[in-house]
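# An overview of the molecular structure
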Amino acid sequence: MEKQHLFIAAGVIRNPEGEIFIAQRPAGSHMGGYWEFPGGKLEEGESPEQALVRELDEELGIIATPGERLQTAEHEFPERLITIYFFLVEEWQNTPYGREGQASRWVKQQDLIADEFPPANRGIVALLTK
């Protein structure tokens, strides 16, 4: 059986104070309890940038302007392969909050802790905390 391949766009939302907005994956979901960079799956025909704008509106209530693509990461799980496109987001409208009830917070960029994130996110955390 061929593994499911998911494509995901994620936003590294950074404010002028150098803090990053992160959200917690809901308990019971895949990788539940870990912190993540908000975003989600690309839908049919969507570019990573389009998916990011849609997902950040749905999850956080913000209208984002995707910036530079920081990294593309692949991670293999027993049942699926994921490709994540990480974008820097430094421009948005509205105040981000956990629109779906998820915990969320601002963290100083240098204070991000890789072990609090799913394995597929640890490379971008390492890049951000160099």
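Being a predicted model, the structure only gives us computed values, none of them experimental.

## So, the pairing of strand β2 (residues 19-24)
Bridge count between strand β1 (residues 4-14) and β2: two bridges; the pairing is antiparallel. In the sheet register, I13 faces β2, and the bridge partner there is F21. Between the end of β1 and the start of β2, which pair antiparallel, lie four residues, with G18 showing a positive phi angle near 80°. Across five bridges, the pairing between β2 and strand β9 (residues 104-108) is antiparallel. When the sheet's bridge partners are listed, I22 is paired in β9 with R105. Looking at chain direction, β2 and strand β3 (residues 35-36) are connected through two bridges and run antiparallel. Note that in β3 the partner of Q24 across the bridge is W35.

## Concerning the UniProt feature "binding site: 8-oxo-dGTP" (unreviewed entry) in the protein
With numbering aligned to this structure, UniProt lists the feature "binding site: 8-oxo-dGTP" (unreviewed entry) at R25, H30, E36, F37, P38, G39 and N121. Lining the largest pocket, out of the annotated residues just given, are R25, H30, E36, F37, P38, G39 and N121. With a relative accessible area of 15%, E36 lands in the buried category. Not counting chain neighbours up to four residues away, the residues in contact with E36 comprise I22, A23, R25, F117 and N121. Relative to the assigned elements, P38 resides in the loop between β3 and β4 (39-41). Residue P38 is classed as buried on the basis of its relative accessible area of 0%. For P38, the residues in contact, after removing those within four places along its chain, are A9, A10, G11, I13, F21, I22, A23, L52, L56, E59 and L60.

## A short note on the pairing of strand β7 (residues 80-89)
Most of β7 is tucked away: 10 of the 10 residues are buried. Side-chain alternation along β7 places R80, I82, I84, F86 and L88 on one buried face and L81, T83, Y85, F87 and V89 on a second face that is also buried. Here 10 bridges tie β1 to β7, and the two strands are oriented parallel to one another. Bridging from a neighbouring strand, H5 pairs with L81 of β7. Here strand β6 (residues 69-76) hands over to β7 after three residues, the two strands then running antiparallel side by side.

Criteria and cut-off values
- Residues numbered from 1 in each chain as written.
- Predicted model: local features only at pLDDT ≥ 70, side-chain atom pairs only at ≥ 80, totals over all residues.
- Heavy atoms only, no water.
- Pairing = 2+ DSSP bridges.
- Helix = DSSP H or I, 4+ residues; strand = E, 2+ residues; numbered from the N terminus.
- UniProt positions renumbered as here; feature names shortened; annotations may be inferred.
- 1 Å grid on protein atoms, 1.4 Å probe; cavity = no way out; pocket = protein on both sides within 12 Å on 5 of 7 lines; lining within 4 Å.
- Buried < 20%, exposed > 50% of the residue type's maximum accessible area, 1.4 Å probe, protein only.
- Contact = heavy atoms within 4.5 Å.

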